[in-house]
Each structure stands twice: as C-alpha cells, then as structure tokens.
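A structural walkthrough
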Amino acid sequence: MKIIVTDREGGEHELEATNGWRVMEIIRDAGLPISAECGGACACATCHVYVDPSWFARLEPRGEEENDMLDLAFEVQDNSRLSCQITMTPELDGLKVTLAPE
C-alpha cells in the first residue's frame, strides 16, 4: 500500500503504507515535516492535513474529539483531517493528502 503526500513546498512523496498504521505515523517515519506533538492522542492539531477531495468521502467521518482539535488548527478547510485519526486500510491504498501550514 502507499500514500501520496504533498509537502508544504508542493513536492510530492510516495510513501509505503502499512495496514493498521495511522497516516501520521507513516508521514512522520518518512521524515516529512509533521510535528505530531501529542504522538497521535488527538490532543493537538499539529498533524493537520488536507485530504484530496476524491478521497475524503472514503474516510470514516470525523469524531467529536477530532472536530474539537480542528477548531484549534490554522487554515481549516472542509477537507481538513488530523492524520492521527486516519488508519490505513487496503481501501485507502493510494490516499492523497497535503500537509497543512504549521
């Protein structure tokens, strides 16, 4: 499986993804600049990403906790998600996300 991540400068990175891993973990382990200060506990918004519109409807809906954290994030859009709340599955193979501004 893979995910396609666009960094803040517009560079595109194809990353190997592991089933059951959070998208935040995949991005962080690849060395891309994502803070993920809370380590995936949904207690900050430093792993904020924009999900490509063609993929957004395939994700599980945002939970209340994630919505609360996104209220604290900068430049939130309709397709904003916390990457710690997206778990990779075979159905998400090829998922495209863009790192949100810090």
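Our subject is the structure listed above.
As a starting point, this report considers the structure included with it. Positions within a chain are numbered from 1, following the residues in the order the chain's sequence is written. In keeping with the predicted nature of the model, local features appear solely for residues at pLDDT of at least 70, side-chain atom pairs appear and are counted solely at 80 or more, and the whole-chain, interface and lining totals rest on all residues. Hydrogens and water molecules were not included; the side-chain quantities draw on all heavy atoms of the structure.

Next up on the list: the side chain of His48. Mapped onto the elements of the fold, His48 is located in strand β3 (residues 48-51). Whenever two N or O atoms come within 3.5 Å, that pair is a polar contact, provided that in protein one can donate a hydrogen and the other can accept it, and provided that, for residues adjacent in sequence, both atoms are side-chain atoms. Polar contacts involving the side chain of His48 include one to the side chain of Ser80, which spans 2.8 Å. In contact with His48, not counting residues within four places along its chain, are Leu70, Ala73, Phe74, Glu75, Val76, Ser80, Arg81, Leu82, Leu99 and Ala100. Comment: elements are numbered from the N terminus, with helices defined as DSSP H or I runs of at least four residues and strands as E runs of at least two. Contacts were defined at the residue level, with two residues in contact if any of their heavy atoms lie within 4.5 Å.

Any two side chains of opposite charge can pair, so long as their charged atoms come close to each other. By definition, a salt bridge exists where a carboxyl oxygen of Asp or Glu is found within 4 Å of a side-chain nitrogen of Lys or Arg. Taken as a whole and judged by the stated rule, the model has three salt bridges. Put simply, Glu14 and Lys2 hold a salt bridge, and the shortest N to O gap is 3.8 Å. Residue Glu14 is located in strand β2 (residues 12-16), and its partner Lys2 is located in strand β1 (residues 2-6); the two are separated by twelve residues in the primary sequence. Accessibility here uses a 1.4 Å probe with only protein chains present; expressed as a share of the type maximum, an area under 20% marks a residue as buried, one over 50% as exposed, and anything in between as partly exposed. On the basis of relative accessibility, which here comes to 54%, the residue Glu14 falls in the exposed class.

Let's shift gears to the layout of surface pockets. The rolling of a water-molecule-sized probe over the atoms marks out the regions of remaining empty space. Cavities and pockets are defined on a 1 Å grid built over the protein atoms alone: a cavity is a set of grid points where a 1.4 Å probe fits but cannot escape, while a pocket is an open set with protein on both sides within 12 Å along at least five of seven lines, and lining residues are those with an atom within 4 Å of any such point. Grid points are joined across faces, edges and corners, and a volume is the space filled by probe spheres set on the points. By volume, the largest pocket is sized at about 180 Å³. Taken together, Arg8, Ser35, Ala45, Thr46, His48, Leu72, Ala73, Phe74, Ala100, Pro101 and Glu102 make up the lining of the largest pocket.

This part is about the packing of aromatic side chains. Pairing of aromatic rings covers Phe, Tyr and Trp, the last through its six-membered ring, and needs centres within 6.5 Å; plane angles under 30 degrees mean stacked, over 60 mean edge-to-face, and all others mean tilted. Inspection of every chain in the model, using the stated rule, returns zero aromatic pairs. Two thresholds decide whether a charge sits over a ring: the Lys NZ or Arg CZ must be within 6 Å of the ring centre and within 35 degrees of the ring normal. Positioned over the ring face of Trp55 is Arg58, at 4.0 Å from the centre of the ring.

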